[in-house]
Amino acid sequence: MSEFFRRIYFLLNRQRLERELAHDMAVHREMMASEGRKDFGNPTLLREQSQEVWGWGWLERLAQDVRYGLRILRKNAGFTLVAILALGLGIGANTALFSVVYGVLLKPLPYADGNQLVILHQAFQKSGQNKMGFSVPELQDYRHQARSLSQVEEYHQMSFILLDGHEPSQVRTGVVSAHFFDLLGIKPYLGRLFTDADETRSSDPVLVLSYGYWKKHYGGDPNIVGRHFRMNDKVHTVIGVLPPVPQYPRENDVYMPTVACPFRSDPMMQSDRNMHMMYAFARLRPGQSLHSGNADLAVVASVFQRQYPESYPAARGFTSSMTGLRQQLTRDVRPMLLILLGTACLVLLIACANVANLALARMMRRETELAVRAALGASRGRLVRQLLTESTMLSLAGGVFGLLLASNALDLLVRFVARYTTRAAEVSISTPVLLFTLVVSVVTGLVFGSVPAFSQRLNLVNSLKEGSASATFRIDGNRLRNLLAMGQVAISFVLLIGAGLMIRSFIRLQQVDPGYKGENVLTVSVPLNFSKYKNDKDTLNFFVELEQKLKGAPGVVGMAEYSGAPLAGRGLAQPSNAPFIIENRPVDPQGAQPTVNVEYASSEAFRLLGVPLISGRYFTDHDNENAPEVLIVSQSFAKHYFPNEDPVGKRIAGSDKKWSTIVGVVGDIKQFSLDRDAVDTAYVPSTQPGGMMADTLLIRTAGDPWNYVSQVRKAVYSIDPEQPITDVGTLDELRNESLTATRLTSILLALFAALALAIAATGLSGVTALLVSQRTREIGIRLALGAQRSEVLRMVVQQSMRVIVLGLAAGIICALLASRLMTALLFRTASTDPITYVAVALILLFVALVASYIPARRVTRVNPMIALRSE
């Protein structure tokens with residue numbers, strides 16, 4: 001590095017140093033003359049000796065190329081601006097997406113030995129329970145029996161009400177074992193983390209705050225450690241704050257040890273093998289891999305089936321496996337990011353082709369200049385180096401412009417990716433991203449610069465003749481420009497197909513009937529404090545009183561309780577999959593036990609939501625704790641289990657063996673996602689045992705639902721001033737929110753496709769303009785001999801359209817192959833959807849026709865005599 005700076009210093013002070021060197025040589029001139037060295041003071045020899053001494057010749061040549069290139073680019077300001085804009089858009093798109101790809105997919109996990117961290121999975125594959133949790137006894141068995149694992153820790157999420165002297169709030173709470181953070185190798189940002197001493201029954205309740213919650217709610221107060229909060233009727237002490245690391249599977253506000261969770265510490269939870277509630281995190285032993293670890297877990301699963309056949313019946317297909325934590329964190333977002341990055345690369349490729357085409361056009365004008373330089377002794381390598389230097393300068397300028405675009409677009413991409421992974425917070429314009437931008441800029445410059453540089457074949461005699469051009473270069477240049485134009489059309493077609501398929505899929509997703517009417521319906525979650533409302537009666541009394549306060553309010557049309565607003569949870573909510581049996585129907589011991597999703601609803605819920613009654617009746621106020629237990633089932637449930645009979649009057653029982661009578665069948669509700677079929681659902685009255693799960697208010701209003709939020713909050717506080725309300729929204733907003741991911745993906749692909757189409761259109765227009773400018777004399781002769789201008793115009797456009805049609809044919813073949821990669825992202829739309837292909841082809845042909853017609857029409861207006869004189 002010191003040698004490099006020494007040479008830079010010499011280059012900047014070259015004249016002064018040469019004068020000093022010449023002075024030193026003059027001092028010894030007489031002595032050298034006496035020895036016959038009369039050429040010692042020759043300037044040429046002096047320069048050669050100084051270059052030999054200092055070794056800066058290559059740097060001087062580079063500086064000359066740069067200075068000359070700057071003059072050339074400044075004289076061609078239009079070309080320079082267009083090239084920088086096109087390259088900047090392409091490089092910026094790639095930089096923005098690579099920053100996301102690096103931060104989410106490539107960046108090492110911020111955990112100790114992150115590649116050794118795994119997530120354990122259990123499933124009853126034959127009964128469709130593929131996301132089953134772990135029980136406490138199972139976790140203990142894995143710790144003792146899994147030889148491939150050095151450590152197994154547990155995690156589950158709860159929501160508790162936290163009271164800190166201000167407004168009550170519900171916090172997402174991660175309940176973890178004592179060494180959970182040790183497993184991840186996380187060190188506290190403030191204070192300390194959990195130890196074994198915090199996980200005994202005599203331990204004082206303690207909390208660890210997440211970094212984001214600490215910053216948002218307490219302003220990063222450095223004195224937070226030691227503060228006391230009340231939660232679950234107990235005083236909890238803050239002992240530490242986590243660093244800003246991604247959390248899995250969801251972000252939490254606070255963390256507590258397992259002994260502090262009233263559900264996890266319940267004796268039944270600790271002893272019942274069938275209470276599958278927890279996630280299991282583990283670390284592989286040194287020398288173990290995912291393959292050997294999965295083989296080890298398969299052995300453990302077989303031991304479970306042999307020792308506890310009642311909990312793991314062979315008919316349900318129990319399995320145990322593991323996946324890497326990195327893979328699990330990025331599983332949902334990986335395909336989409338790779339598709340978007342590939343799309344951005346295609347946009348950059350089109351930009352390169354477009355700038356290469358423009359550069360080829362400039363070569364026609366610079367042919368004489370290059371011929372003169374060649375005649376004066378410049379080698380072909382010297383000319384190529386000059387052209388590559390100019391193209392690299394352009395791409396570096398485009399890279400700087402693209403970097404500015406990427407930094408401004410990064411926030412939008414981060415919010416988009418945050419819907420899929422908690423690693424989104426790690427995305428930034430980091431050193432690897434800057435290096436990527438630099439490499440892409442240089443490679444881009446070399447790629448599009450090599451096209452005109454290495455296609456150059458100068459004929460000195462013809463090039464130096466006034467008013468002539470090299471026929472060889474013209475023929476080769478036209479052929480190459482046509483190939484580049486065909487490539488732009490083909491790639492543009494592929495991008496337009498991708499965007500068209502996503503837009504068509506999004507439109508179909510928007511048209512899906514959710515099964516309810518969500519207009520003017522406010523949703524408010526009221527998660528009652530279980531330590532205060534300990535039984536169903538207390539819960540029922542609270543909601544009865546709340547309903548009385550709100551029903552008489554002006555503008556409130558109707559009110560009901562429901563276990564969870566449809567389409568809430570951003571797709572993270574899953575069906576409960578509760579096993580059940582049907583009365584008088586034999587159970588196949590070798591078959592999978594059927595499961596059903598269970599929801600809780602008040603008597604007015606279906607009427608308020610506008611869910612149609614297929615048969616039977618709705619719930620009534622008489623379906624209370626003193627009445628026989630009843631159910632309402634969804635239409636899909638009835639078709640699945642009672643295909644040829646009316647299920648009303650039939651009885652089913654869950655794992656508690658209590659029989660409930662089906663009193664009605666209602667239409668299907670898209671509870672979890674619009675892009676999936678409605679799940680089989682059984683509805684339980686909120687006024688019967690277990691109905692305390694219905695903690696979401698559905699309020700239909702006469703006007704804007706948001707105008708009634710304050711009334712709801714005031715009514716809740718009047719009953720219990722320590723009771724918060726959460727998840728405030730409207731059903732329409734939840735439905736729109738469920739479409740956000742597909743909408744944003746469609747917008748991004750459409751933007752890339754529109755950008756590619758605009759770049760390709762300018763390129764096609766430039767090719768056509770250059771073509772007709774080369775044929776000005778021919779066109780003038782045709783017009784002078786009586787040809788109609790419309791005939792000439794048709795001839796020029798047809799010649800351009802031949803290139804476009806060939807590019808379109810190549811694009812169709814490429815699109816048929818590439819669109820298969822998008823199958824997983826499409827909803828009820830085939831990757832070969834003919835309507836999309838036809839529409840995109842027509843749009844592309846129209847744009848290309850306009851891009852060719854404008855320059856062709858301009859040249860047909862030229863006066864034939866002027867055109868002939870110009871030659």
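As the structure is a computational prediction, the values presented were derived from the model and not from experiment. (Residues numbered from 1 in each chain as written. Predicted model: local features only at pLDDT ≥ 70, side-chain atom pairs only at ≥ 80, totals over all residues. Heavy atoms only, no water.)

## Examining the packing of helix α6 (residues 77-106) against helix α14 (residues 380-417)
1) Next: Where α6 contacts α14, the two axes come as close as 5 Å, and the packing angle between them is 40 degrees. Classified by the interaxial angle, the pair formed by α6 and α14 is oblique. The handedness of the crossing between α6 and α14 comes out as right-handed.
2) Next: A class-by-class count of the residues in the contact of α6 with α14 yields 20 nonpolar, nine polar and no charged. (Axes fitted to C-alpha atoms, helices over the stretch in contact; angles between N-to-C directions. Helix = DSSP H or I, 4+ residues; strand = E, 2+ residues; numbered from the N terminus. Parallel < 35°, antiparallel > 145°, perpendicular 65-115°, else oblique. Left-handed = near helix turned anticlockwise from the far one by under 90°. Nonpolar A, V, L, I, M, F, W, Y, C, P; charged D, E, K, R; others polar.)

## Notes on unusual backbone geometry
1) Next: Across the junction of Tyr-248 and Pro-249, the peptide omega takes the value 5 degrees, indicating a cis bond.
2) Next: With respect to the helices and strands, Pro-249 occurs in the loop between β8 (234-241) and β9 (254-257).
3) Next: Phi at Asn-577 is positive, roughly 50 degrees, even though this residue is not glycine.
4) Next: Tracing the sequence through the fold places Asn-577 in the loop between β13 (556-562) and β14 (578-579).
5) Next: You will see that Asp-727, though not glycine, has its phi angle at about 50 degrees, which is positive.
6) Next: Of note, Asp-727 is situated in strand β23 (residues 726-730).
7) Next: Under the relative-accessibility criterion, Asp-727 is labelled exposed at 61%. (Buried < 20%, exposed > 50% of the residue type's maximum accessible area, 1.4 Å probe, protein only.)

## Brief notes about a nonpolar patch on the surface
1) Next: Together, Phe-846, Val-850, Tyr-853 and Ile-854 make up an exposed nonpolar region whose accessible area comes to about 380 Å².
2) Next: Locating Val-850 in the fold gives a position in helix α26 (residues 834-859).
3) Next: Under the relative-accessibility criterion, Val-850 is labelled partly exposed at 35%. (Patch = residues over 30% accessible without salt bridge, like charges linked within 9 Å, V, L, I, M, F, W, Y side chains within 5 Å. Areas by Shrake-Rupley, 256 points an atom, 1.4 Å probe, with all protein chains shown as cover. Salt bridge = Lys/Arg side-chain N within 4 Å of Asp/Glu carboxyl O.)

## Focus on a negative patch on the surface
1) Next: A cluster of acidic side chains, namely Glu-519, Asp-704, Asp-732 and Glu-733, defines a negative patch on the protein surface.
2) Next: Counting through the fold element by element, Glu-519 comes out in the loop between α17 (471-510) and β12 (521-525).
3) Next: For Glu-519, a relative accessible area of 46% translates into the label partly exposed. (Lys, Arg positive; Asp, Glu negative; His and termini not counted. Charge placed at Lys NZ, Arg CZ, Asp CG, Glu CD.)

## Here we look at the environment of Val-414
1) Next: Inspection of the secondary structure puts Val-414 in helix α14.
2) Next: What Val-414 contacts, discounting residues up to four positions off in sequence, is Ala-424 and Val-427. (Contact = heavy atoms within 4.5 Å.)

## Considering the packing of aromatic side chains
1) Next: All chains considered together, the criterion is met by 34 aromatic pairs.
2) Next: With centroids separated by 6.1 Å and ring planes inclined at 50 degrees, the aromatic side chains of Phe-606 and Phe-619 adopt a geometry described as tilted. Residue Phe-606 is found in helix α19 (residues 605-609), and its partner Phe-619 is found in the loop between β17 (613-616) and β18 (630-634); the two are separated by 13 residues along the sequence. Side by side, Phe-606 and Phe-619 carry an identical accessibility label, which is buried. (Phe/Tyr/Trp six-rings, centres within 6.5 Å; stacked < 30°, edge-to-face > 60°.)

## Quick word on the nonpolar core
Soluble, globular proteins show a tendency: their nonpolar side chains are buried together.
1) Next: Membership of the largest hydrophobic core comes to 82 residues, with the highest contact counts inside it found for Val-100, Val-104, Leu-337, Leu-340, Val-417 and Phe-493.
2) Next: Broken down by secondary-structure element, the contributors of at least two residues to this core are α6, α13 (334-375), α14, α15 (431-454), α17, α23 (740-774), α25 (789-818) and α26.
3) Next: The greatest single-element share of this core, amounting to 16 residues, is contributed by α13.
4) Next: Apart from residues no more than four positions distant in its own chain, Leu-340 is found in contact with Leu-97, Phe-416, Leu-748, Leu-749 and Phe-752.
5) Next: Core analysis: the second largest hydrophobic core is formed by 29 residues, Phe-506, Val-611, Phe-619 and Tyr-683 among them. (Core = buried A, V, L, I, M, F, W, Y, C linked by side-chain atoms within 4.5 Å.)

## Describing a positive patch on the surface
1) Next: Judged by side-chain charge, Arg-67, Arg-71, Arg-74 and Lys-75 come together as a positively charged surface patch.
2) Next: Inspection of the secondary structure puts Arg-74 in helix α5 (residues 57-75).

## What about the side chain of Ser-148?
1) Next: Note on placement: Ser-148 falls in the loop between α7 (136-145) and β3 (149-163).
2) Next: At a separation of 2.8 Å, a polar atom in the side chain of Ser-148 contacts the side chain of Asp-296.
3) Next: Those residues in contact with Ser-148 that sit more than four places away from it in its chain are Arg-283, Leu-284, Arg-285, Gln-288, Gly-293, Asp-296 and Met-322. (Polar contact = N/O pair within 3.5 Å; in protein donor to acceptor, adjacent residues only side chain to side chain.)

## Observations regarding the packing of helix α18 (residues 536-551) against helix α21 (residues 709-719)
Between two packed helices, both the angle of their axes relative to each other and the distance between the axes serve to describe the pair.
1) Next: The interhelical angle for the contact between α18 and α21, taken along N-to-C directions, is 135 degrees, at an axis separation of 10 Å. In terms of orientation, α18 lies oblique with respect to α21. In this structure, α18 crosses over α21, and the sense of that crossing is right-handed. Of the residues in α21, those in contact with Phe-542, Glu-545, Leu-546, Lys-549 and Leu-550 of α18 are Gln-711, Val-712, Ala-715, Val-716, Ser-718 and Ile-719.
2) Next: When grouped by side-chain class, the residues that make up the contact of α18 with α21 number seven nonpolar, two polar and two charged.

## Focus on the confidence of the model for the chain
1) Next: Looking at the chain as a whole, the pLDDT averages 84, with 85% of positions reaching at least 70.
2) Next: Segment residues 37-41: pLDDT under 50, and seven contacts once partners within four positions in sequence are set aside and those in other chains are kept.
3) Next: Contacts from residues 466-475, a stretch scored under 50 in pLDDT, to residues over four places away or in other chains number 19 contacts. (pLDDT = per-residue confidence, 0-100.)

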